[in-house]
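In case you want the letters, here they are:
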Amino acid sequence: STDTKELVQVMNDMLYGSESSSKALSVRIMGALDVDETLRGSSDTYCVCEVEGKPGARVETTRVRDAGESMWNSEQTLNMYSPGDDLVFSLWGGDGSGKDDLLGRAVLPSAQFEGGNSIFDDVLDLESNDLESRARLKVRIAPAPLTRPISRASSKGSCGGRDGGSKASGGGGKEGGSL
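Residue numbering note: each chain is counted from 1, following its sequence as written. Note on the predicted model: pLDDT of at least 70 is required for a residue's local features to be given, and 80 or more for side-chain atom pairs to be given and counted; whole-chain, interface and lining totals, by contrast, use all residues. By convention in this description, side-chain values take in all heavy atoms of the structure and omit both hydrogens and water.

(A) Region of interest: the nonpolar core. Val27, Ile29, Leu78, Leu87, Phe89, Leu137 and Ile141 are the most contacted members of the largest nonpolar core, which totals 28 residues. Helix numbers and strand numbers start at the N terminus; a helix is a DSSP run of H or I with at least 4 residues, a strand a run of E with at least 2. In terms of residues, this core owes the most to one element, strand β1 (residues 23–33), which gives 4 residues. Every residue in contact with Ile141, bar those within four places of it in the chain, is listed here: Leu25, Ser26, Val27, Leu87, Phe89, Leu108, Phe113, Ser118, Ile119 and Phe120. Take the buried residues of types Ala, Val, Leu, Ile, Met, Phe, Trp, Tyr and Cys, join any two whose side-chain atoms come within 4.5 Å, and each joined set is a nonpolar core. Categorising residues by exposure relies on relative accessible area from a 1.4 Å probe, with only protein chains included: less than 20% of the type maximum marks a residue as buried, more than 50% marks it as exposed, and the intermediate range marks it as partly exposed. A contact between two residues is defined here by any heavy atoms of the two lying within 4.5 Å.

Next up, the structure:
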């Protein structure tokens, strides 16, 4: 019926986002290159990807030591992304004794990974106060895979078999693996 279709659409929009609402992106931060000139003694580096002005729209890699070429191969889901939002990548370093230092920053315009260019897989040049810095960041941005939306068949009130009808697959980020 029409009421059932509308209810299913509302539930899908709430769970997975509507066309006009926020979406999720798969953010893979593979590594930082040519960092050693910018480190100035820092021994641990990590990278942050965020949408400025949206505190919940942020992912961060783990810290790695000896960061001449930091390799994270970290893939995470960035939630609360809205079409048109630019992504800001920041490379940080520190020795664990206090405040970390910003080693470089790059802004990836949304036009680079939206629409016809739905996947961005490239190297970003990081801007820094150090004029000699040539640090770069290898990243991959793609739409996050969605879990299966509610279908009309599953909205008929039946819970299914002996297992309670739950056949949900485990979601989440990818651990290790390759693209």
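(B) Looking closely at unusual backbone geometry. Backbone geometry places Asn73, a non-glycine residue, at a positive phi of 50 degrees. Inspection of the secondary structure assignment puts Asn73 in strand β5 (residues 71–81).

(C) Quick look at the pairing of strand β2 (residues 44–50). Counting buried residues along β2, 6 of its 7 residues qualify, which places the element largely inside the surrounding structure. As paired strands, β2 and strand β4 (residues 64–65) are joined by 2 bridges and run antiparallel to one another. In the strand pairing of β4, Thr45 is matched with Val64. Each pair of strands is called paired provided DSSP finds at least two bridges between the two strands. Note that β2 and strand β6 (residues 87–94) share 7 bridges and pair antiparallel. Of the residues in β6, the one forming a bridge with Glu50 is Val88. Sheet analysis places β2 next to strand β3 (residues 58–60), joined by 3 bridges and oriented antiparallel.

(D) Fine view of the sheet that holds β5. Taken together, the 4 strands give an open sheet; going across it, the order is β5-β1-β9-β8, and neighbouring strands pair in antiparallel fashion. Where the open sheet ends on each side, the last strands, each with one partner, are β5 and β8 (120–125). Adjacent strand axes in the sheet meet at a mean angle of 25 degrees, parallel and antiparallel pairs treated alike. In the sheet, β1 pairs with strand β9 (residues 136–143) via 8 bridges, with the strands oriented antiparallel. Bridge pairing in β9 places Arg28 opposite Arg140. In this analysis an axis means a line fitted to C-alpha atoms, helices contributing only their contacting stretch, and an angle means the value between N-to-C directions, from 0 to 180 degrees.

(E) Molecular detail of the confidence of the model for the chain. A residue's pLDDT is the predictor's confidence in that residue, given on a scale from 0 to 100. On average, residues of the chain score 75 in pLDDT, and 63% of them reach the 70 mark or higher. At the level of individual helices and strands, the chain shows its lowest average pLDDT in helix α2 (residues 36–39), which scores 56, and its highest in β3, which scores 97. For residues 16–20, every residue scores under 50 in pLDDT, and the model assigns this stretch 8 contacts once sequence neighbours within four places are set aside. This model gives residues 154–179 a pLDDT under 50, and the stretch forms 14 contacts once residues within four places in sequence are excluded.

(F) Broad picture of the environment of Asp100. With respect to the helices, strands and loops of the structure, Asp100 is situated in the loop between β6 and β7 (101–108). Separated by 54 residues in the primary sequence, Asp100 and Tyr46 place their C-alpha atoms 9.9 Å from one another. If near-sequence neighbours (up to four positions away) are discounted, Asp100 is found in contact with Tyr46, Arg63, Trp92, Gly93 and Gly94. Of the polar contacts made by the side chain of Asp100, one reaches the side chain of Arg63; its length is 2.5 Å. Whenever two N or O atoms come within 3.5 Å, that pair is a polar contact, provided that in protein one can donate a hydrogen and the other can accept it, and provided that, for residues adjacent in sequence, both atoms are side-chain atoms.

(G) Looking closely at the packing of aromatic side chains. Here a pair means two rings of Phe, Tyr or Trp (six-membered ring of Trp) with centres within 6.5 Å. Their orientation is stacked below 30 degrees between planes, edge-to-face above 60, and tilted elsewhere. With the rule as written, the count across this model stands at 1 aromatic pair. On the numbers, 5.7 Å between centres and 55 degrees between planes, the contact of Tyr81 with Phe113 is tilted. One end of the pair, Tyr81, is in strand β5; the other, Phe113, is in the loop between β7 and β8, with 32 residues separating them in the sequence. For Tyr81, a relative accessible area of 3% corresponds to the buried category.

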